[in-house]
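What follows is each chain in one-letter form.
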Amino acid sequence: MNDLALKAAENLSRIRESNPLVHNITNYVVMNYTANALLSLGASPVMAHAENEVEEMVSFAGALVLNIGTLSDPWIRAMITAGARARAMGTPVILDPVGSGATTLRTRTATRIIREAGVTLIRGNASEILSLQQEGSGTRGVDAVDTVADAANMASDLATELGVTIAITGPEDIVTDGTRTARILGGHPLMAKVTGTGCTATAIAGAFAAVDPDPFTAACSALAFFGLAGQRAGEQASAPGSFMIALLDALYTLTPEELKSECHIDVLPPAETAGETGKLSR
Amino acid sequence: MNDLALKAAENLSRIRESNPLVHNITNYVVMNYTANALLSLGASPVMAHAENEVEEMVSFAGALVLNIGTLSDPWIRAMITAGARARAMGTPVILDPVGSGATTLRTRTATRIIREAGVTLIRGNASEILSLQQEGSGTRGVDAVDTVADAANMASDLATELGVTIAITGPEDIVTDGTRTARILGGHPLMAKVTGTGCTATAIAGAFAAVDPDPFTAACSALAFFGLAGQRAGEQASAPGSFMIALLDALYTLTPEELKSECHIDVLPPAETAGETGKLSR
Amino acid sequence: MNDLALKAAENLSRIRESNPLVHNITNYVVMNYTANALLSLGASPVMAHAENEVEEMVSFAGALVLNIGTLSDPWIRAMITAGARARAMGTPVILDPVGSGATTLRTRTATRIIREAGVTLIRGNASEILSLQQEGSGTRGVDAVDTVADAANMASDLATELGVTIAITGPEDIVTDGTRTARILGGHPLMAKVTGTGCTATAIAGAFAAVDPDPFTAACSALAFFGLAGQRAGEQASAPGSFMIALLDALYTLTPEELKSECHIDVLPPAETAGETGKLSR
């Protein structure tokens, strides 16, 4: 147990007490699962994407989650509009650059959102995150194919460059704000067999960011919580359908006390990062 | 057991025998769950939202369900177009004013649909329903925050004013057409932890309205059925993921006989309504 | 066991080894379930529908699945654009003409996609397939109502006319390319109580088409696999909610060896087709 584990437990308690409203502009595939995950966790999800509604909606929210998984031009405009309003209000903006690097539209949109929408935290897999640094990394759709032993160092540099916190998820998760870097263990291989578990990690990070003004500790808390929930689900289920239900159940039943004592968050000195991480992409 | 319980059982049998087609123009978050709920119940769901298709589609349907949970302008136009056609054909139109009161777009759209689309039944939580009476009630997104001991009396007045039946759901449900008022007990606290259970109640009301020309008895039947299914699911599951699956199962397994003997519908004299209901919002 | 059963097992092994990317432009209702089914099976789903993205996305894919379940004009344009690119690259295009025959928009769109998008395989229920031959067959939404003892013969003629492989699913499935015709047994009545099982069959056919250049054997393999998974799920669950979860689990746990020994694919001589099939529609 360390300070980050204590912080994770404290953040989870805050979510359960205050039920923060998380405004999601996200992809069609995961909307239902993401909303259910937020409800199970203790947050209040709202989905709204009309350009003529998002500014008003985000003004009530504790966090804004932007996810580019099923883009089209009206949705991009709504994301930019909502993000600008969130930035003006000091509301945290969390970006999930789904498939960035796979198509030009996604890479450009992710880059544009980071530039224009006041993003405070980005959560993606290694290839998505890498694509934000260097276009054309040739990722293969939503599934990462880059093996990047030095992803954590690159993420740290990118976090500094962009002035954001970055979370890379995979068999091991890395969170960095350029100054602090942490590694989070947990999760289960079946998480890669359920659509939208990455998107759900991002939405959960939104809920934690709504109660914790430090995006680094918010992201560490969120991924430690989600990773532990994934482990729990993996003890209940051995195939993807029952696993995805067990995962929702675990988000509901996991207590702050259990999170504090069972989660795995290691603070990494920047220099050791690359050597420790190995293959990050799924 | 009373006349409304007998009617509920009769209506359920009719749905199981005739599999009425329910045309939904609904939000992205709940489409899948709503469709599965209607199938489990015994109805035939269809989702279609293109402005150049909805008139033809609704002409085959036994009921039209309009849900404003994830609005945008083309969808609003489709709802108005479909509603006008349904009205012209005498097909019941059920509105779920999701988040009305939370944003201007939602409140205006709900009001416009009621005015232009021939709505016969409205199902919402207390704050959504109240927003239809008085704009700017300041609800907090989809989750109701108004505590309204007099919601039932207001709903009765509003039903009379708008010429519709109104159903307010919460820990206790109220159905009123301005003349008759009923209170329905049932459900389970986990229903608030599954996204779209309110939307599902509305869709189920659509299925009952397709077989029962009286919107008041149709709504009472639907909420009594759904409430009992929620109770059953709560006996099977103790966390949201497994609960939402158990709820679909209960919609399928619950028989008309069980509904008749186990549901809780009380006819309320208008004068007693306010005193009996207490906190309606979740 | 016959050559088609051996082929089905071989194709399943190939999917599990190569995780083919299946690009879906599909309806909102089934996106989540379809993506989860593809992941459970061993394929990699991607959903992308923006006209300015689909050409690039489909260029990475092993198959393109077009599903007209919730149409609107921008999506139609994207389907045509993606299909034209797939055709130019020799990538298999699978069409699910959801509700074709029910509305003019659907029938025309299905017909247009077949004409312009290089469709190699069509999967639908009997009335949807019949509508492609003859507009105005008056189907009742997504649910088939035509009883067509001679559907298989008509499908065979239609396959020849359109130069595609056609799969008709129902209590018995028929696959024909105009020269070869097969009948596949399997599945479970609860499949009709879960939304999108037809759409899922189509998406699974996309995964099989990505690893098998012969659309006829790919479709036979896919339906034999899905039918056996349905049977398995039916042994685990007796109501729609738990059935839909058990079905995802079965897609993951079913092995090529089990598929080879337990699936039911009969090669039918064209002349016998009509007499053998009986009522195809659900």
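Just so it is clear, the structure is predicted and the values come from calculations on it, not from any experiment. (Residues numbered from 1 in each chain as written. Chains lettered and ligands numbered in written order. Predicted model: local features only at pLDDT ≥ 70, side-chain atom pairs only at ≥ 80, totals over all residues. Heavy atoms only, no water.)

Visitor: Kindly report on the UniProt feature "binding site: substrate" (unreviewed entry) in chain A, identifying the contributing residues and their values.
Guide: As annotated by UniProt and renumbered to match this structure, "binding site: substrate" (unreviewed entry) occupies M47(A) and G196(A). Tracing the backbone through its elements, the reader meets M47(A) in strand β2 (residues 44-47). Apart from residues lying up to four places away in sequence, M47(A) is in contact with N24(A), T26(A), M31(A), T34(A), A35(A), V29(B), G69(B), T70(B) and R106(B). Its relative accessible area of 12% is what places G196(A) among the buried residues. (UniProt positions renumbered as here; feature names shortened; annotations may be inferred. Helix = DSSP H or I, 4+ residues; strand = E, 2+ residues; numbered from the N terminus. Contact = heavy atoms within 4.5 Å. Buried < 20%, exposed > 50% of the residue type's maximum accessible area, 1.4 Å probe, protein only.)

Visitor: If you had to explain the interface of chain C and chain A to someone new, which residues and values would you point to?
Guide: Taken together, the contact pairs 29 residues of chain C with 29 residues of chain A. Carbon and sulfur atoms supply 59% of the area that chain C and chain A bury against each other, a total of about 2,400 Å² over both sides. The interface formed by chain C and chain A includes one salt bridge. Of the charged contacts, one joins R106(A) and E53(C) as a salt bridge, the two residues approaching to 2.4 Å between their closest N and O atoms. At the boundary of chain C and chain A, one finds nine residue pairs in polar contact (both at pLDDT 80 or more). Among the secondary structure elements, those contributing two or more residues to the side of chain C that touches chain A are α2 (31-41), β2 (44-47), α3 (54-58) and α10 (240-253) of chain C. With six residues, α2(C) is the single largest residue contributor to the side of chain C that touches chain A. Considering only residue class, the side of chain C that touches chain A consists of 16 nonpolar, ten polar and three charged. (Buried area = accessible area lost by both parts, 1.4 Å probe. Salt bridge = Lys/Arg side-chain N within 4 Å of Asp/Glu carboxyl O. Polar contact = N/O pair within 3.5 Å; in protein donor to acceptor, adjacent residues only side chain to side chain. Nonpolar A, V, L, I, M, F, W, Y, C, P; charged D, E, K, R; others polar.)

Visitor: Break down empty space enclosed by the protein for me, citing the residues and quoting the values.
Guide: One water molecule sets the probe size; rolling that probe over the atoms shows where empty space is left. Per the stated rule, a full pass over the model turns up two cavities of 30 Å³ or more. The wall of the largest cavity is formed by N32(A), Y33(A), M244(A), I245(A), N32(B), Y33(B), M244(B), I245(B), N32(C), Y33(C) and M244(C). The set of elements that each furnish at least two residues to the lining of the largest cavity consists of α2 (31-41) and α10 (240-253) of chain A, α2 (31-41) and α10 (240-253) of chain B together with α2 of chain C. When grouped by side-chain class, the residues that make up the lining of the largest cavity number eight nonpolar, three polar and no charged. In this structure, the second largest cavity spans a volume of roughly 70 Å³. As for the second largest cavity, its lining consists of Y28(A), V29(A), M31(A), N32(A), Y28(B), V29(B), N32(B), Y28(C), V29(C) and N32(C). Looking at side-chain class alone, the lining of the second largest cavity contains seven nonpolar, three polar and no charged residues. (1 Å grid on protein atoms, 1.4 Å probe; cavity = no way out; pocket = protein on both sides within 12 Å on 5 of 7 lines; lining within 4 Å. Points joined across faces, edges and corners; volume = space filled by probe spheres on them.)

Visitor: Explain the sheet that holds strand β7 (residues 173-176) of chain A to me, using residue names and the numbers behind them.
Guide: Residue and element names in this part refer to chain A. Sheet architecture is open: nine strands sit in the order β2-β1-β3-β4-β5-β6-β7-β8-β9, paired in mixed fashion. Each of the sheet's edge strands pairs with one partner strand only, and the pair in question is β2 and β9 (264-268). Strand-to-strand twist in this sheet, taken as the mean axis angle between neighbours without regard to direction, amounts to 20 degrees. In terms of strand pairing, strand β1 (residues 21-25) meets β2 through four bridges, oriented parallel. Paired with H23 across the strands is V46, a residue of β2. The sheet strands contacting helix α6 (residues 126-133) are β4 (93-96), β5 (121-124) and β6 (165-168), and the helix crosses β5 at an angle near 130 degrees. Here helix α7 (residues 151-162) sits on the sheet in contact with β5, β6, β7 and β8 (181-185), set at roughly 155 degrees to β6. (Pairing = 2+ DSSP bridges. Axes fitted to C-alpha atoms, helices over the stretch in contact; angles between N-to-C directions.)

Visitor: So what's going on with the packing of aromatic side chains? Residues and values would help.
Guide: All names here are of chain A. Using the criterion set out here, one finds twelve aromatic pairs over all chains in the structure. Consider the rings of F208 and F225, whose centres lie 5.8 Å apart with planes at 50 degrees: the pair is tilted. With a gap of 17 residues between them, F208 in helix α8 (residues 197-211) and F225 in helix α9 (residues 215-236) connect regions that are remote in the sequence. Classification of F225 by relative accessible area gives buried; the value is 0%. (Phe/Tyr/Trp six-rings, centres within 6.5 Å; stacked < 30°, edge-to-face > 60°.)

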